[in-house]
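Structural overview
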Amino acid sequence: MSGVALALEVVVVFFLALFLLHRYGDFRKQHRMVLFATLLAWFLCFLIVFILPLDVSTVRPPACVETRVKGVVVVVPKICQKPWSYIPDGILPVFWRVVYWTSQFLTWLLIPFMQSYARSGGFSISGKIKTALIENAIYYGTYLLIFCSLLIYVAVTPELHLSWSGLRTIGITAANTWGLFLLVLLLGYGLVEIPRTYWRASCHGQLLAKTYFKAAKLMTEKADAEENLEDVMEDVRTVNETIKYNHPLRKCIDTILKKCPVEYQEKMGRNMDDYEDFDDKGNPYPSKKSLVKLHKQVIYAVQRHNRTQVQWQILLDKAFHLEDVAKNESSSTHKFVHSFPSAEPPGWISKYLYTPTVEWYWECVFRRWCYRVLAVVLCVFSAAVVWSECTFFSTQPVLSLFAVFIQLAERDYNYVYIEMACFVTIFFLCYCVYSTVFRIRVFNYYYLAPHHQTDAYSLQFSGMLFCRLTPPLCLNFLGVIHMDSTISHQTRQPTAYTSIMGSMQVLSFIANGFYIYYPMLIVLLCIATYFSLGTRCLNLLGFQQFVGENDLTSDLVDEGRELIRRGTTDTGPSFKLSSRYINECDLTCVCAAQSRRDRSDKAELLQDVEPLDFTGEEPLETDNRRSVLLYL
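Residues numbered from 1 in each chain as written. Predicted model: local features only at pLDDT ≥ 70, side-chain atom pairs only at ≥ 80, totals over all residues. Heavy atoms only, no water.

**With respect to the UniProt feature "transmembrane region" (unreviewed entry) in the chain**
Look at the UniProt record and you will see "transmembrane region" (unreviewed entry) annotated at residues 6-22, 34-52, 98-117, 137-156, 168-192, 369-387, 416-437 and 514-533. Segment residues 6-22 splits into 100% helix and 0% strand. End C-alpha atoms: 24 Å apart. Between the end C-alpha atoms of residues 514-533 the distance is 25 Å, and the span holds 70% helix and 0% strand. (UniProt positions renumbered as here; feature names shortened; annotations may be inferred. Helix = DSSP H or I, 4+ residues; strand = E, 2+ residues; numbered from the N terminus.)

So, in structure tokens, the structure goes:
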């Protein structure tokens, strides 16, 4: 059985990463190098998380002994049986070195370069490479400055001696320090928001109100994307008519036209006169630099337009389903009836297993209770994580709950329990962090959208974040369970993962200070998330967020309800929703409150499918992907 668990987990993790990439990326349209870099980054990060419990279970106490008392103390050696998932010595250190340094090469060198390359508007490979090098020069210089600062600190400290091992540790420490700083922010948000999301999902009224709110916001974004696309296509039409077939820059125009939607390509093709020479008229011609900028704008505008169109259809389906659930809750037949039945014939699953009766009991009865039970379980896990993060440095007595569970299992050499406890713990931590990464929205530059609507830049940005967050997450996990001697100050056999990281005592102020006390800030972040301080601040800054007692939220909910009803009317017969479903979960302030705006102004606004006030701006010329403002 040696190595079977390792090989099995490698295969499972690969298909998990491939499934997620298929859900968010587009295998048919996106560049192969973009897909490969993202898949490799996700695969390596998920692999570290899945393999680390095997590494922990392999580490045993220094001596396997059994004490028997028969008048006197007798120490009898005890034979320790190896776990079924035991990995032979020498394999894991090599494995961790390959995985870790490959992920670091991806996050610090390859992926940032590929981001600039994929987003570049250049028309040749050399032009895109040149643009990527220029954009990343300042980026690499910033991190080089941080590394040099730490290097100077070690050089001027008398008790520290420079060596290759020390330099390597400084580099690892610098990367992990940056990752831990962001890790605590994301973890503090996820520990509160994930249980709360499942609890709110059990309240149909609140979920439906939030869907209406999203519909109002998405309609504005959708109209803005359509207007932006029209403006960009007008610029393309102008340069297409200016630069004729025999102009040296005509190849650039043809490349831009291939990125345009099909209907625009047909219009521009019909309006073009190929028999006119480019020098017959004295019109000024655009430069190649301006065409590169236009090419970049076309890529951005088309991607954003397609994404909003798909999201609008998905949001309509979700709203229709939630309204069907609200309508069927009062059904006396206990059979789920859809307002818009599918035109396709039912399959054998819906015909024999997921019947209308089963669907009614699941959607109207069991689902909400399953979500509430799951939310309570996640709350318990979150409380345990917060307590352990604040007390993991205490070894006498042991206060970290996860460290207590692992030590109890070590006494009985229960390797299966150790692996399961480690896997559940690190999986929950990763779920809180990674799910937050999928929710983050940095303006319109970084946005992971499902149904193959994520652009190349966002895919690679997520891979870069994963590679930077996973090593400090694993070190934090090992510290919480007291398997990191640098933090716990215990003399015990280290894991193979910590052995490749080197001793953090080279920089004692980080190992004994930042790594121990900074995670305690997670308490403040959890409190801020619980009271939605970040959401309220974004709302004050003009980024409309769903806040129950806010007047603007109520207005947007009302507008979204009208937009959904208009979509229902256009699709088929609509029904009037009973107010008791909207009053559910103490949300009367959101869905039943009278709008405080002037009703005539609102009616005039709702007469147009597209809102008339647009706040969106053209994408900036410079690449702002390093912006730290997170749009949640």
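Having put the structure on the table, let's press on.
**Overview of the UniProt feature "coiled-coil region" (unreviewed entry) in the chain**
Following the UniProt record, the feature "coiled-coil region" (unreviewed entry) maps to residues 215-242 here. Annotated as residues 215-242, this span is 100% helix and 0% strand, and its ends, taken at the C-alpha atoms, are 40 Å apart.

**As for unusual backbone geometry**
At His-482, a position not held by glycine, the phi torsion is positive, near 60°. Take His-482: it is sitting in the loop between α14 (456-480) and α15 (485-488). What makes His-482 buried here is its relative accessible area of 0%. (Buried < 20%, exposed > 50% of the residue type's maximum accessible area, 1.4 Å probe, protein only.)

**Looking at helix α7 (residues 250-259)**
Those residues of α7 not exposed but buried are Arg-250, Cys-252, Ile-253, Ile-256 and Leu-257. Axial view of α7: buried residues confined to an arc of 155°, hence all on one face. Opposite the packed face of α7, turned more than 90 degrees from it, sit the exposed residues Lys-251 and Lys-258. (Arc of directions from axis to C-beta.)

**A short note on the packing of helix α2 (residues 32-58) against α14**
For the pair α2 and α14, the least separation of the axes is 8 Å and the interaxial angle reads 15°. Of the possible angle classes, the one that applies to α2 and α14 is roughly parallel. The interaxial crossing formed by α2 with α14 has left-handed handedness. Packed against α2, whose contacting residues are Val-34, Thr-38, Ala-41, Trp-42, Cys-45, Phe-46, Ile-48, Val-49, Leu-52 and Val-56, the element α14 presents Ala-456, Leu-459, Gln-460, Ser-462, Gly-463, Phe-466, Cys-467, Thr-470, Cys-474, Phe-477 and Leu-478 at the interface. Residues of the contact of α2 with α14, tallied by class, amount to 16 nonpolar, 5 polar and no charged. (Axes fitted to C-alpha atoms, helices over the stretch in contact; angles between N-to-C directions. Parallel < 35°, antiparallel > 145°, perpendicular 65-115°, else oblique. Left-handed = near helix turned anticlockwise from the far one by under 90°. Contact = heavy atoms within 4.5 Å. Nonpolar A, V, L, I, M, F, W, Y, C, P; charged D, E, K, R; others polar.)

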